[in-house]
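If you want the building blocks of each chain, they are given just below.
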Amino acid sequence: MVTQDELEQLVLNAFYDHAQKGDQKLYVSEVFDLLNGQFGRQRVELAVRALANRELLDGSYSMNRPSSYSISQAGYRLVEQTYLERLTATEAAQAASDPLLLLDQQLAPASSRMVSFGDNQDDYEQAISSVSDAEEVLRASNSLDPIIRDETLASLSAWKSLISAGKRFAVGAFNYLVWDRLKAVMEGGIEDTYRFVIAGILMALGSLIVGLL
């Protein structure tokens, strides 16, 4: 069952979508058709009038013909705000169920940050060990595209050299040389068993780098 409040939102969305195609005002009968006749004409008319009373629709009233309506500036803003809120909620739910996505969302905006292992030898050794484990998996795979494998191995080696030289690096370098490369490997046809191993390595490395931020 669709409540009247929900119907009003559907009607407002229909006006918003219609406005993308032109600025022609709509009669209630046309709004009824836009909703594919799913709701009674009286309910649709009540929803249109309620939206007009809330100044979310602009109405044109005439003594000789039915009133027509178009979405107002306030209506535009409400639809877009509602869309953004739903999008944010969806992304948050996805991140909660996908730890790699959550790490991705933390790493991407920190690309320009410089971080350092400092005196934390354990973290440094864990990073080197995890990357070495990833290299072994790449070499063991029989299904991974050789070009992807060789490019990824070169990138991983470059990052190990980078951190062994100074232990201080830009998060963007990690994203480019390690994070994005290993994600591409997961999507590049590697065997499922190895894909799960790579995912675990990414979790360990991503958590480690986020911990340095």
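Here, residues in each chain are numbered from 1, in the same order as that chain's written sequence. Only residues with pLDDT of at least 70 are given local features in this predicted model, and only at 80 or more are side-chain atom pairs given and counted; all residues enter the totals for whole chains, interfaces and linings. To get the side-chain values, all heavy atoms of the structure are used, and hydrogens and water are removed first.

*Asks:* Any chance you could explain the packing of aromatic side chains here in plain terms?
*Replies:* Each aromatic ring pair is summarised here by two numbers: the centre-to-centre distance and the angle between the ring planes. Side-chain rings of Phe, Tyr and Trp (the six-membered ring for Trp) are treated as a pair once their centres are within 6.5 Å; stacked means planes under 30 degrees apart, edge-to-face means over 60, and tilted covers the remaining angles. Following the criterion strictly, the structure yields five aromatic pairs and no others. On the numbers, 5.7 Å between centres and 75 degrees between planes, the contact of Phe117 with Tyr124 is edge-to-face. Whether a residue is buried, partly exposed or exposed follows from its accessible area with a 1.4 Å probe, protein chains only, as a fraction of its type maximum: under 20%, in between, or over 50%, in that order. The exposure class of Tyr124 is buried, given its relative accessible area of 12%. Members of the aromatic cluster, joined through ring pairs, are Trp159, Phe174 and Trp179. Throughout this description, the term charge over a ring refers to an Arg CZ or Lys NZ atom that lies within 6 Å of the ring centre and within 35 degrees of the ring normal. Its guanidinium or amino end placed over the ring of Tyr176, Arg181 lies 5.5 Å from that ring's centre, counting from NZ or CZ. Its guanidinium or amino end placed over the ring of Phe196, Arg195 lies 5.1 Å from that ring's centre, counting from NZ or CZ.

*Asks:* Looking at this structure, I do not really get the nonpolar core. What am I missing?
*Replies:* Most often, soluble globular proteins keep nonpolar side chains buried together rather than apart. Core analysis: the biggest nonpolar cluster contains 34 residues, and Trp159, Phe169, Phe174, Val178, Leu182, Leu205 and Ile209 have the highest contact counts within it. Strands here mean DSSP runs of E at least two residues long; helices mean DSSP runs of H or I at least four residues long; both are numbered from the N terminus. For this core, the secondary-structure elements that each account for two or more residues are α5 (99–107), α6 (121–140), α7 (146–166), α8 (171–187) and α9 (192–212). Of all the elements, α8 adds the most residues to this core, at eight residues. When checking whether two residues touch, look at their non-hydrogen atoms; a contact exists if any pair is within 4.5 Å. Residues in contact with Leu205, not counting those within four places in the same chain, are Ala127, Ser130, Val131, Phe174, Val178 and Leu182. By size, the runner-up hydrophobic cluster in this structure holds 22 residues, among which are Val28, Val31, Leu56 and Tyr69. Only buried Ala, Val, Leu, Ile, Met, Phe, Trp, Tyr and Cys residues count toward a nonpolar core, and they belong to the same one when joined by side-chain atoms within 4.5 Å.

*Asks:* Quick question: what am I supposed to make of the pattern of salt bridges here?
*Replies:* Should the charged atoms of two oppositely charged side chains come close, the side chains can pair. Salt bridges, as used here, are contacts in which a Lys or Arg side-chain nitrogen is within 4 Å of a carboxyl oxygen on Asp or Glu. In this structure the tally under the stated criterion is six salt bridges. Its salt-bridge partner being Lys160, residue Glu135 comes within 2.9 Å of it at the nearest N-O pair. In this pair, Glu135 is assigned in helix α6 and Lys160 in helix α7, connecting sequence segments 25 residues apart. Among the residues examined, Glu135 registers a relative accessible area of 7% and is labelled buried.

*Asks:* Hey, could you run me through the sheet that holds strand β2 (residues 57–60) in this one?
*Replies:* Through backbone hydrogen bonds, the strands of a sheet pair up, either in parallel or in antiparallel fashion. Here we have three strands laid out as an open sheet, ordered β1-β3-β2, and antiparallel in their pairing. For this open sheet the edge positions go to β1 (26–27) and β2, each flanked by a neighbour on one side alone. Any two strands with at least two DSSP bridges between them are considered paired. Pairing geometry for β1 and strand β3 (residues 68–71), over two bridges, is antiparallel. Bridged to Leu26 within β3 is Tyr69. Helix α1 (residues 4–19) contacts β1, β2 and β3 of the sheet and is inclined by roughly 80 degrees relative to β3. Note on method: axes are straight lines fitted to C-alpha atoms, helices fitted across the in-contact stretch only, with angles between N-to-C directions ranging 0 to 180 degrees.

*Asks:* What exactly am I supposed to notice about the packing of α6 against α9 here?
*Replies:* Two packed helices can be described by the angle between their axes and the distance between those axes. Relative to each other, α6 and α9 sit at 160 degrees, their axes nearing to 10 Å. If you check the angle between α6 and α9, you find them roughly antiparallel. Between α6 and α9 lies a crossing whose hand is left-handed. Residues Asp123, Gln126, Ala127, Ser130, Val131, Asp133, Ala134, Val137 and Ala140 of α6 form the contact with α9, whose own contacting residues are Tyr194, Val197, Ile198, Ile201, Ala204, Leu205, Leu208 and Leu212. By the definition adopted for this analysis, an angle is roughly parallel if under 35 degrees, roughly antiparallel if over 145, roughly perpendicular if from 65 to 115, and oblique otherwise. Each helix crossing is assigned a hand: it is left-handed if the near helix lies turned anticlockwise from the far helix by less than a right angle, otherwise right-handed if that turn is clockwise.

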